[in-house]
Amino acid sequence: MALHPTLAAVADLIGTWLGEGQGEYPTIEPFSYTEEVTFTDVGKPFLHYVQRTWSPSGAPMHTETGFLRIADAAAVEFVLAQPTGQTELAEGPLTITEDGFTSRLESRVVNSATAKHVETTVRRIELTGDVLTTNFAMAAVGVPLTHHLASQMHRGC
Ligand code: HEM
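Described below are features of the structure shown in this document.

Reading the values: the criteria
Residues numbered from 1 in each chain as written. Predicted model: local features only at pLDDT ≥ 70, side-chain atom pairs only at ≥ 80, totals over all residues. Heavy atoms only, no water. Pairing = 2+ DSSP bridges. Helix = DSSP H or I, 4+ residues; strand = E, 2+ residues; numbered from the N terminus. Axes fitted to C-alpha atoms, helices over the stretch in contact; angles between N-to-C directions. Core = buried A, V, L, I, M, F, W, Y, C linked by side-chain atoms within 4.5 Å. Buried < 20%, exposed > 50% of the residue type's maximum accessible area, 1.4 Å probe, protein only. Contact = heavy atoms within 4.5 Å. Near = heavy atom within 4 Å. Polar contact = N/O pair within 3.5 Å; in protein donor to acceptor, adjacent residues only side chain to side chain. 1 Å grid on protein atoms, 1.4 Å probe; cavity = no way out; pocket = protein on both sides within 12 Å on 5 of 7 lines; lining within 4 Å. Sits in = over half its atoms within 2 Å of the grid points. Points joined across faces, edges and corners; volume = space filled by probe spheres on them. Nonpolar A, V, L, I, M, F, W, Y, C, P; charged D, E, K, R; others polar.

Taken in spatial order, the ten strands line up as S1-S2-S3-S4-S5-S6-S7-S8-S9-S10 and close into a barrel, and their pairing is antiparallel. Averaged over all pairs of adjacent strands, the angle between strand axes in this sheet comes to 25 degrees, irrespective of strand direction.

Here it is as structure tokens:
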């Protein structure tokens, strides 16, 4: 199955990534987590994304899923569903680097009736060789845009 041509710039994402992350926010206690991310090519012009996280004791934490679309080789559209009652439509430019790419995505968020209110999010994704780095900030629960998550993952087997 040939990779759709629009995905060439992010083809190195395909596969499973595993690593560690740290979380914080002004309203909560800081925490650490293990993160696994999988990007799957299904032969269409998007990658299917699944993320799972665990606490240091192995208990399940946040998980999310979605689709990474490359609109025109220069822009990323990340369509995400959160089990906490949000949908995120995160968009931003794609910058090709010597050994991968970086992207800064700003999102529009829709909250369900009972979800904690998330106003907006900013995600930074950086692929450098076999290292995938993520950074996540949000304006939520009355707090302006503030850092929540950072993680670094390596290509899994
Ligand atoms: C690696 C992924 C993530 C992990 C491990 C994580 C973990 C946590 C933890 C442990 C808390 C504090 C306890 C709790 O309220 O459950 C929290 C709070 C929160 N998180 Fe995250 N989170 C993740 C991703 C996200 C994402 C993607 C969003 C938004 C789209 C989000 C929005 C929030 C909100 C709104 C709160 C509540 C803050 C408050 O009540 O003051 N989190 N998160």
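Still more ground to cover, so stick around.
This next bit is on the nonpolar core. Ranked by size, the top nonpolar core spans 21 residues in total, and within it Val10, Leu13, Phe39, Leu68, Phe78 and Leu132 carry the most contacts. Within the residue set of this core, elements represented by two or more residues are strand S2 (28-41), strand S3 (46-54), strand S4 (60-70), strand S5 (75-81), strand S6 (86-97), strand S7 (100-111) and strand S8 (118-128). Sequence-distant contacts of Phe78, defined by excluding residues within four places in its chain, comprise Phe39, Tyr49, Phe67, Leu68, Glu88, Leu89, Ala90, Leu105 and Ile125. Ranked by size, the runner-up nonpolar core spans seven residues in total, among them Tyr25, Val118, Ala140 and Val143.

The next point concerns the site of the ligand. In the vicinity of the ligand, 19 residues are found, and the nearest of them are Thr27, Phe31, His62, Lys116 and His148. Between the ligand and Lys116 there is a distance of 2.6 Å, counted from an oxygen atom to a side-chain nitrogen or oxygen. A distance of 3.2 Å separates a nitrogen atom of the ligand from a polar side-chain atom of His148. Comparing atom positions with the cavity grids shows the ligand to sit within the largest pocket. Among the secondary structure elements, those contributing two or more residues to the shell around the ligand are S2, S3, S4, S8, strand S9 (131-140) and strand S10 (143-155).

Our next topic: the pairing of S8. Relative to S8, S7 runs antiparallel, the two being bridged by seven bridges. Across the sheet, residue Leu105 finds its bridge partner in S8, namely Arg123. In sequence, S7 turns back onto S8 through a hairpin of six residues. Where S8 and S9 come together, ten bridges link them in antiparallel fashion.

Along the chain, Val79 turns up in strand S5. The residues contacting Val79, other than those within four sequence positions of it, are Thr65, Gly66, Phe67, Arg69, Glu88 and Leu89.

To locate leftover empty space, one rolls a probe as large as a water molecule over the atoms. In this structure, the largest pocket occupies an estimated 890 Å³ of space. As for the largest pocket, its lining consists of 38 residues, of which His62, Phe136, Met138, His148 and Leu149 are closest to the centre. Those elements that provide at least two residues to the lining of the largest pocket are S2, S3, S4, S6, S8, S9 and S10. Tallied by class, residues from the lining of the largest pocket come to 19 nonpolar, 13 polar and six charged.

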